[in-house]
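Listed below are the residues making up each chain.
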Amino acid sequence: MKVVFYHALTPMHIGNGTNLGLIDLPIQREAHTEFPVMPSSAIKGVIRASFEDEQKQNDIFGKTDEEGKVIFTDGKILLFPVKSLKGVFAWITSYYVLERFKRDTNIDIGDFKAVEKDNALVSSDKIVIKDNDKGKLVLEEFTFNADVDKSLTKLKEIIKCDIDQDKIAIVSDDVFKFFVKNYTEVNARIKIDQKTGTAQSGGLWYQELLPAETVFYGCIAPRKNGFEGQLIEVINKINNQTLQFGGDETLGRGLTKITVEA
């Protein structure tokens, strides 16, 4: 089994096809956490399409009526970018997210304690404001007591993405859920009448996007012994490559850098 990191370079929309309130086109989320997710079907489809040879596609991923030889798991969220008063923005994560990452990947990233709602642990003082010798992390309009935690060194070494690893912050699970639920991007889209050059009646809709810089992780593995060669082919094809996930390809959405653990 290998761990794969998906680093969104541009805003991403993998939709769920359901209208939720004011947002006509929301992103896919896990039912139990409401965290954004990259479904394995979308990941497999994009990676399959990156192989131009149809015979190779069928050998690795299977035909319509048969299973493939490589397993792809969902992409689960690991780091979410949030505007910061210092350092432009920070990547936030939480105790639950990190514990789930350890469980899913069997990678030792150290031990982390749960953080209280008003506190945060940060990987460096690069995103911390000093206030009477106390550190403060300001995310959007919210302020947290911040402590630099050297135990984040292991986590910084594990995340093989092109990010500023001195700008990682661990917040409480509830705060993390609040940000990933309420601080995605929502864009208004308008359909233009080609004859009049003006907006069509009823042609306005709202689309939710994951912000650029969001980081997911997932796993890939051979379905059974004997299929290791196909797994290696997939790794060689996707490692350090940028592929497009989700909708709106012509708008530059969903460009994602893929990195596979060594």
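Residues numbered from 1 in each chain as written. Predicted model: local features only at pLDDT ≥ 70, side-chain atom pairs only at ≥ 80, totals over all residues. Heavy atoms only, no water.

Okay, the overall build of the chain next. On a plain count of helices and strands, the chain comes out with six helices and 15 strands. The C-alpha radius of gyration of the chain comes to 20 Å, within 12% of the 18 Å expected for a compact globule of 262 residues. Within the chain, the proportion of its 262 residues that are buried is 47%. Considering only residue pairs separated by 6 or more positions, the chain has 69% of its internal contacts joining residues 24 or more positions apart. Surface exposure of the chain reaches about 13400 Å², of which carbon and sulfur atoms provide 48%. (Helix = DSSP H or I, 4+ residues; strand = E, 2+ residues; numbered from the N terminus. Rg over C-alpha atoms; globule rule 2.2 N^0.38 Å. Buried < 20%, exposed > 50% of the residue type's maximum accessible area, 1.4 Å probe, protein only. Contact = heavy atoms within 4.5 Å. Areas by Shrake-Rupley, 256 points an atom, 1.4 Å probe, with all protein chains shown as cover.)

Attention now moves to the nonpolar core. Among the nonpolar cores identified, the biggest contains 70 residues, and Val-234 and Phe-245 are the most heavily contacted of them. Once residues within four sequence positions are removed from consideration, Val-234 is found in contact with Ile-47, Phe-51, Ile-60, Phe-61, Val-70, Phe-72 and Ile-220. (Core = buried A, V, L, I, M, F, W, Y, C linked by side-chain atoms within 4.5 Å.)

Peptide bonds are mostly trans, and most non-glycine residues show a negative phi. Within the chain, Glu-34 stands out as a residue other than glycine whose phi angle is a positive 65°. You can see Glu-34 is positioned in the loop between strand S1 (2-8) and strand S2 (37-38). Positive phi, normally seen in glycine, also occurs at Asn-106, with a value near 60°. With respect to the helices, strands and loops of the structure, Asn-106 is situated in the loop between helix H3 (95-105) and strand S6 (119-122).

One pass over the structure, following the stated rule, counts 14 salt bridges. Linking Asp-111 and Lys-102 is a salt bridge whose minimum nitrogen-to-oxygen distance equals 3.4 Å. Taking relative accessible area as the criterion, Asp-111 reaches 68% and is therefore assigned exposed. One salt bridge connects Arg-103 with Asp-104, and the closest N-O pair in it is separated by 3.2 Å. By relative accessible area, Arg-103 is classed as exposed at 55%. Each of the salt bridges in this network shares a partner with another, and the network as a whole consists of Glu-34, Lys-177 and Lys-181. (Salt bridge = Lys/Arg side-chain N within 4 Å of Asp/Glu carboxyl O.)

A few words now on the packing of aromatic side chains. Across all of its chains, the model carries 13 aromatic pairs by this definition. Ring plane angle 15° and centroid distance 5.9 Å describe the contact between Phe-61 and Phe-72, whose orientation is recorded as stacked. Here the residue Phe-61 occupies a position in helix H2 (residues 54-61), and Phe-72 occupies one in strand S3 (residues 70-72), the gap between them amounting to eleven residues. In this structure, Phe-61 and Phe-72 share a single accessibility class: buried. (Phe/Tyr/Trp six-rings, centres within 6.5 Å; stacked < 30°, edge-to-face > 60°.)

What follows deals with helix H5 (residues 173-182). For H5, the full list of buried residues reads Val-175, Phe-176, Phe-179 and Val-180. Taken end-on, H5 shows its buried residues confined to a sector of 125°, consistent with a single buried face. Summarising the contacts, the buried residues of H5 are in contact with strand S4 (75-83), strand S5 (89-94), H3, strand S8 (134-139), strand S9 (142-148) and strand S10 (168-171). (Arc of directions from axis to C-beta.)

Taken together, the side chains of Val-186, Leu-204 and Tyr-206 define a hydrophobic patch exposed on the protein surface, amounting to about 250 Å² of accessible area. In this fold, Val-186 is placed in strand S11 (residues 185-192). Residue Val-186 is classed as partly exposed on the basis of its relative accessible area, which comes to 42%. (Patch = residues over 30% accessible without salt bridge, like charges linked within 9 Å, V, L, I, M, F, W, Y side chains within 5 Å.)

Before going further, it helps to spend a moment on the side chain of Ser-124. Its location among the elements puts Ser-124 in the loop between S6 and strand S7 (129-131). Engagement of the side chain of Ser-124 in a polar contact is seen with the backbone nitrogen of Lys-126, the distance being 3.1 Å. Residues contacting Ser-124, with those up to four places away along its chain left out, are Val-148 and Asp-166. (Polar contact = N/O pair within 3.5 Å; in protein donor to acceptor, adjacent residues only side chain to side chain.)

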